[in-house]
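Given next are the chains, with one letter for each unit.
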Amino acid sequence: MVGIAVLGAGRIGKIHAANVAASSKATLIAVADPFAEVVEPVAASHGAEAMTDCMAAIARPDVDAVVIGTPTDTHVGFLLKAVELGKAVLCEKPIDLDMTESESAAAEIERVGGRVMLAFNRRFDSTFAEMRRAIDAGRIGEVRQVIISSRDPGMPPASYVKSSGGIFRDMTIHDLDMARWLLGEEPVLVTAIGARLIDPTLSDYDDYDTAMVLLQTESGRQAHINNCREAVYGYDQRVEVLGATGMLTQDNLRPTTMRFTNAEFTDAREPLLNFFLERYTQAYRAEMEAFIDAVAGGKSMPTSVRDGVQALRLAECAVESARTGRAVSV
Ligand SMILES: NC(=O)c1ccc[n+]([C@@H]2O[C@H](COP(=O)([O-])OP(=O)(O)OC[C@H]3O[C@@H](n4cnc5c(N)ncnc54)[C@H](O)[C@@H]3O)[C@@H](O)[C@H]2O)c1
């Protein structure tokens, strides 16, 4: 059994704690968060110890692995402490909002041989994983284009936006990782545009609510990502991959597959699953199982700290491209 401490008892920490607790190969030793009133109910619901000192949780001898689900600006400190103590880590994205800080953390982790997995949960969605397997099996031939539509149901609160690092580092980063993963090659050129069609005050933070990104790899493979912070019909997550001999597509998920037809509508369906916690429930569970399997079996991590650095690098290029109106070489 792998002993695990989950740091952070907020939105994502709660999901990770539940998935560790549900695993037959791991024990949730502790949940840590500086706010006792936040962490106590989460830990108690899984029979784990509640701690208010994250560093102390990392250092526990019964903790083999750490899951970092705390605010982004705390990730690097916990990451480096955990690898220094020889603990495996599943770290939420992004590593940090600063490229230099992320680079130097990655270099230090590699120097000490730290075992770190970056939490790019979408790779573990059963449909997206099947798409990757179909590409690997040669079912659509050489990949030519990847098209990703990723739209949130509504604007996050202003307080979140302010410290998020902007749409490209906060939201597009998932899609940039997906694009790298599905293209199978590193993008070398990034073009991005951004607009404030929902909230003009985002100009106060140099941020956008609506954005498009184009990527191109050395061999010419292309990806197009489109993001919007508000889609009135719900959380929209669609991916299309065009290859030389075929195409892969998938559907958004709904609570059921029922269709309703009457005199006014044909084939009306239920709304899309609300947001990421509902849409990616299975992916978060599979991500945790993959992490636990890698730790228990001494296998290589399914994603690495370098994946985190590379996705952030592409996000930085998108920020620059949107600001300057020029294509940016990676
Ligand atoms: N992979 C995904 O789909 C996904 C989804 C959401 C969030 N995230 C990432 O997870 C991280 C947390 O996001 P969230 O939405 O759960 O945030 P949140 O605000 O809901 O939760 C963060 C928790 O961290 C605690 N905290 C605050 N300061 C702390 C400190 N100094 N040390 C330790 N803990 C502290 C807070 O009390 C809170 O309970 C972020 O890095 C975010 O980018 C990833």
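For clarity, every value in this text was computed on a predicted model and none was experimentally measured.

Overview of the overall build of the chain
Argument step 1. From N to C terminus, the chain includes 11 helices and 15 strands.
Argument step 2. Radius of gyration (C-alpha) of the chain: 20 Å, near the 20 Å computed for a compact globule of 330 residues.
Argument step 3. The principal-axis extent of the C-alpha atoms belonging to the chain is close to 55 × 50 × 45 Å.
Argument step 4. Buried positions account for 49% of the 330 residues belonging to the chain.
Argument step 5. Put simply, 69% of the contacts in the chain that link residues at least 6 apart link residues at least 24 apart.
Argument step 6. Carbon and sulfur atoms provide 52% of the accessible area of the chain, an area that totals close to 14,700 Å².
Argument step 7. The centroid of the 33 positive side-chain charges in the chain is displaced by 4 Å from the centroid of its 46 negative side-chain charges.

As for the sheet that holds strand β6 (residues 116-119)
Argument step 1. The strand order β3-β2-β1-β4-β5-β6 describes an open sheet built from six strands, whose pairing is parallel. Strands with a single pairing partner mark the edges of an open sheet, and in this sheet they are β3 (49-51) and β6. Across this sheet, the average inter-strand angle for adjacent strands is 20 degrees, counted without regard to direction.
Argument step 2. In this sheet, strand β5 (residues 88-92) lies alongside strand β4 (residues 65-68) in parallel orientation, the contact comprising four bridges. Pairing of valine 66 across the sheet is with valine 89, part of β5.

Quick notes on the domain arrangement of the chain
Argument step 1. Segmenting the chain into domains produces domain 1 (2-114) and domain 2 (123-283 + 311-329).
Argument step 2. The partner domain 2 presents 13 residues to the 11 residues of domain 1 that form the contact.
Argument step 3. Overall, the association of domain 1 and domain 2 removes approximately 990 Å² of surface from exposure, summing both partners, and the carbon and sulfur fraction of that is 66%.
Argument step 4. It is Arg11, Leu97 and Met99 in domain 1 that bury the most area against domain 2; as a group they hold 54% of the surface buried on that side.
Argument step 5. Applying the counting criterion to the domain 1 and domain 2 interface returns one salt bridge.
Argument step 6. Where domain 1 touches domain 2, the interface holds two residue pairs in polar contact (both at pLDDT 80 or more).

Quick word on the packing of aromatic side chains
Argument step 1. Counted under the stated rule, the structure contains five aromatic pairs.
Argument step 2. Pairing phenylalanine 168 with tyrosine 208 gives two aromatic rings, centres 6.0 Å apart and planes at 65 degrees, and the pair type is edge-to-face. Separated by 40 residues along the polypeptide, phenylalanine 168 in helix α8 (residues 167-183) and tyrosine 208 in the loop between β8 (187-195) and β9 (210-217) bring together distant segments of the chain. Of the two residues, phenylalanine 168 and tyrosine 208, neither departs from the other in class, the shared state being buried.
Argument step 3. Where phenylalanine 275 meets phenylalanine 276, the ring centres are 4.8 Å apart and the plane angle is 70 degrees; that geometry is what we call edge-to-face.
Argument step 4. Among the residues examined, phenylalanine 276 registers a relative accessible area of 16% and is labelled buried.
Argument step 5. Three or more aromatic residues joined by ring pairs make a cluster, and in this case those are Phe128, Tyr235, Phe275, Phe276 and Tyr280.

Side note on empty space enclosed by the protein
Take a probe with the size of a water molecule and roll it over the atoms, and the empty space left behind shows itself.
Argument step 1. Scanning the entire structure with this criterion turns up one cavity of 30 Å³ or more.
Argument step 2. Roughly 40 Å³ of internal volume is contained in the largest cavity.
Argument step 3. For the largest cavity, the full set of lining residues is Arg122, Phe128, Ile148, Ser149, Ser150, Asp175, Met178, Gln237, Arg238, Val239 and Tyr280.
Argument step 4. Counting only elements with at least two residues in the lining of the largest cavity, the list comes to β7 (143-151), α8 and β11 (236-243).
Argument step 5. Of the residues contributing to the lining of the largest cavity, the split by class is five nonpolar, three polar and three charged.

Focus: the site of the ligand
Argument step 1. Neighbouring residues of the ligand: 24 residues in total, closest Arg11, Asp33, Thr72, Glu92 and Tyr284.
Argument step 2. Within the side chain of threonine 72, one N or O atom sits 2.8 Å away from an oxygen atom of the ligand.
Argument step 3. Between the ligand and asparagine 121, the relevant distance is 3.2 Å, taken from a nitrogen atom to a side-chain nitrogen or oxygen of the residue.
Argument step 4. Bound to the protein, the ligand loses 79% of the 840 Å² it would expose on its own.
Argument step 5. The cavity where the ligand resides is the largest pocket.
Argument step 6. Looking at the shell around the ligand, the elements that each hand over two or more residues are α1 (11-22) and α4 (75-84).
Argument step 7. Looking at the shell around the ligand residue by residue, the class counts come to 12 nonpolar, eight polar and four charged.

Quick word on the pattern of salt bridges
Argument step 1. Taken as a whole and assessed by the stated rule, the structure comprises 25 salt bridges.
Argument step 2. Among the ionic pairs, aspartate 62 bridges to arginine 60, the shortest N-O distance being 2.9 Å.
Argument step 3. Its relative accessible area of 33% is what places aspartate 62 among the partly exposed residues.
Argument step 4. Measuring nitrogen to oxygen at the nearest pair gives 2.7 Å for the salt bridge that ties aspartate 177 to arginine 123.

Considering the state of the cysteines
Chemically, a disulfide is nothing more than a covalent bond linking the sulfur atoms of two cysteines.
Argument step 1. For the structure on display, the rule yields zero disulfides.
Argument step 2. Here cysteine 54 is not cross-linked by a disulfide; its sulfur's nearest cysteine counterpart is in cysteine 91, at 12 Å.
Argument step 3. Since its relative accessible area comes to 7%, cysteine 54 is described here as buried.

Each value, and the rule that gives it
- Residues numbered from 1 in each chain as written.
- Predicted model: local features only at pLDDT ≥ 70, side-chain atom pairs only at ≥ 80, totals over all residues.
- Heavy atoms only, no water.
- Helix = DSSP H or I, 4+ residues; strand = E, 2+ residues; numbered from the N terminus.
- Rg over C-alpha atoms; globule rule 2.2 N^0.38 Å.
- Buried < 20%, exposed > 50% of the residue type's maximum accessible area, 1.4 Å probe, protein only.
- Contact = heavy atoms within 4.5 Å.
- Areas by Shrake-Rupley, 256 points an atom, 1.4 Å probe, with all protein chains shown as cover.
- Lys, Arg positive; Asp, Glu negative; His and termini not counted.
- Charge placed at Lys NZ, Arg CZ, Asp CG, Glu CD.
- Pairing = 2+ DSSP bridges.
- Axes fitted to C-alpha atoms, helices over the stretch in contact; angles between N-to-C directions.
- Domains from an automatic or database assignment.
- Buried area = accessible area lost by both parts, 1.4 Å probe.
- Salt bridge = Lys/Arg side-chain N within 4 Å of Asp/Glu carboxyl O.
- Polar contact = N/O pair within 3.5 Å; in protein donor to acceptor, adjacent residues only side chain to side chain.
- Phe/Tyr/Trp six-rings, centres within 6.5 Å; stacked < 30°, edge-to-face > 60°.
- 1 Å grid on protein atoms, 1.4 Å probe; cavity = no way out; pocket = protein on both sides within 12 Å on 5 of 7 lines; lining within 4 Å.
- Points joined across faces, edges and corners; volume = space filled by probe spheres on them.
- Nonpolar A, V, L, I, M, F, W, Y, C, P; charged D, E, K, R; others polar.
- Near = heavy atom within 4 Å.
- Sits in = over half its atoms within 2 Å of the grid points.
- Disulfide = S-S within 2.5 Å.

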